[in-house]
Amino acid sequence: AMDNSSQRKILRVSPACEITQLAGEITSALVGDGPTLGFGDISSESAAHYAAVVIGTSGSSGSPKEVALTATALISSARASNKFINAKPGETWSLLLPLTHIAAVNVIIRAIELGTLPIDLRNHEGEYPKADYTSIVPTQLFRALNGDVRLLNHLKSAKTVLVGGASLSQSLRNQAELAGIKVVTTYGMTETCGGCVYDGEVLDGVEVEIRNGKINIRGPILASSISLDAGWYETSDLGEIVDEKLLVLGRADDVIISGGENLSLHAVEESLSKAFPDIQSAAFAIEDPQWGHSLQIAIVGEVSDELISSHLEKELGAFAKPKGIHHLASLPLLGIGKVDRKALAKGISHE
């Protein structure tokens, strides 16, 4: 029989859970006298005794996994984050993210660390109250700059707005800063307790190395459920260190080979967002007997196919001319921020 004393029961957190109740449950989970809290898609009934939180995530690969985080990892992450943005006791965080994601859990723990409760704005009606800090995904920033005035005012009034969960294009960042939003981009994943590199700088206690082009991370923020190589976690992201800052170049599987040429989907999206800041776009590939993979573009917003095609051809070369351009009402998302390229490819190939 299994020794159950080394296991903790998992209490699944409902996405609709009230913040005051949740703050109490998180505090118990961190101290160790309450059950492990499960967020997102969790099928396990129990977790290792050292797991304070377990998060179910589809990951960018789409296959579900459960990531176990210790109290040490979660508290290290919250303290390092508050320290980086110079947050002081008594200051406030607002919660604008769904409770299925590490980023939402982090907001709550950062607030608890400052001795406050997060201001719950998840399904808020009317004007937003002011908060010192908040955390959002690029899609929310895009909405704030394209018509959601209440969210825009809330973001403008904050001392710092963390933006993570997916890569933030330089043009959207510039728009945000021109509008008076103090943006800090975060890079990380569930396995690193969320963001652990802010504006290219590692948080306290975190180390980053590039090995074979891939970003490797070490530090107290790492999940206890992942395999490490001498303490290092190898991500599936490509990066480089430029002027002592981490530059994330996209995922290792973001590069497609079309007509024998290497083409980075990330580079295509960056180029489009610079040229057409008022639309949302996603680059994806479908298997193609002639090209190997053919480049496809999904667009939300008003722009002609000719403009898109000629821009990419001019900027990146003839092989970057898309083989298909698709106008959609919205882009399918994975988790809270990343565009689901697999869903796009599936949808197109079934047309």
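To keep things clear, this report deals only with the structure shown in the data block. (Residues numbered from 1 in each chain as written. Predicted model: local features only at pLDDT ≥ 70, side-chain atom pairs only at ≥ 80, totals over all residues. Heavy atoms only, no water.)

1. A closer look at the packing of aromatic side chains
- The final tally for this structure, using the stated rule, is 2 aromatic pairs.
- Ring geometry for F84 versus Y198: centroids 5.2 Å apart, planes at 75°, classification edge-to-face. Separated by 114 residues along the polypeptide, F84 in helix 2 (residues 71-84) and Y198 in strand 11 (residues 194-198) bring together distant segments of the chain.
- Ring centres 5.5 Å apart and planes at 40° place the aromatic pair W93 and Y133 in the tilted group. Residue W93 is found in strand 6 (residues 93-95), and its partner Y133 is found in strand 8 (residues 133-136); the two are separated by 40 residues along the sequence. (Phe/Tyr/Trp six-rings, centres within 6.5 Å; stacked < 30°, edge-to-face > 60°. Helix = DSSP H or I, 4+ residues; strand = E, 2+ residues; numbered from the N terminus.)

2. Details of the pattern of salt bridges
- Here the structure, examined in full by the defined rule, presents 17 salt bridges.
- Salt-bridge contacts for E91 lead to K159; the nearest nitrogen and oxygen are separated by 2.4 Å. Taken as a pair, E91 in the loop between helix 2 and strand 6 and K159 in the loop between helix 5 (149-157) and strand 9 (160-163) lie far apart in primary sequence, 68 residues in all.
- Put simply, R211 and E209 hold a salt bridge, and the shortest N to O gap is 3.0 Å.
- You can call R211 partly exposed: its relative accessible area is 26%. (Salt bridge = Lys/Arg side-chain N within 4 Å of Asp/Glu carboxyl O. Buried < 20%, exposed > 50% of the residue type's maximum accessible area, 1.4 Å probe, protein only.)

3. Topic: the sheet that holds strand 4 (residues 53-57)
- Strand order in the open sheet made by the 5 strands is 3-1-2-4-5, with mixed pairing throughout. A single partner strand is all that each edge strand has here, and the edge strands are strand 3 (46-48) and strand 5 (65-69). In this sheet, neighbouring strand axes are inclined to one another by 35° on average, regardless of whether the strands run parallel or antiparallel.
- Pairing between strand 1 (residues 7-12) and strand 2 (residues 36-40): 3 bridges, direction parallel. The residue of strand 2 that forms the bridge with R12 is G38. (Pairing = 2+ DSSP bridges. Axes fitted to C-alpha atoms, helices over the stretch in contact; angles between N-to-C directions.)

4. Comments concerning the pairing of strand 20 (residues 292-300)
- Along strand 20, 7 of the 9 residues are buried, which leaves the element largely enclosed by surrounding structure.
- Counting the residues in the hairpin turn of strand 19 (residues 280-288) and strand 20 gives 3 residues.
- When strand 20 meets strand 21 (residues 324-327), the two strands line up parallel, connected through 4 bridges. Bridging across to strand 21, I299 finds its partner in H327.

5. Let's talk about the sheet that holds strand 10 (residues 183-189)
- Spatially, 7 strands are ordered 7-6-8-9-10-11-12 in an open sheet, and the strand pairing comes out mixed. For this open sheet the edge positions go to strand 7 (119-120) and strand 12 (201-202), each flanked by a neighbour on one side alone.
- As paired strands, strand 9 and strand 10 are joined by 3 bridges and run parallel to one another. From the neighbouring strand, V163 faces strand 10, where its bridge partner is T185.
- Its contacts with the sheet place helix 2 against strand 6, strand 9, strand 10, strand 11 and strand 12, and it is angled at close to 35° to strand 11. (Contact = heavy atoms within 4.5 Å.)

6. Some thoughts on the layout of surface pockets
- Taken as a whole, the second largest pocket encloses approximately 210 Å³ of empty space.
- Taken together, 14 residues form the lining of the second largest pocket, with L96, L121, R122, N123 and Q140 sitting closest to its centre.
- For the lining of the second largest pocket, the class distribution of residues is 9 nonpolar, 2 polar and 3 charged. (1 Å grid on protein atoms, 1.4 Å probe; cavity = no way out; pocket = protein on both sides within 12 Å on 5 of 7 lines; lining within 4 Å. Points joined across faces, edges and corners; volume = space filled by probe spheres on them. Nonpolar A, V, L, I, M, F, W, Y, C, P; charged D, E, K, R; others polar.)

Function-wise, these values are silent; they only describe arrangement.
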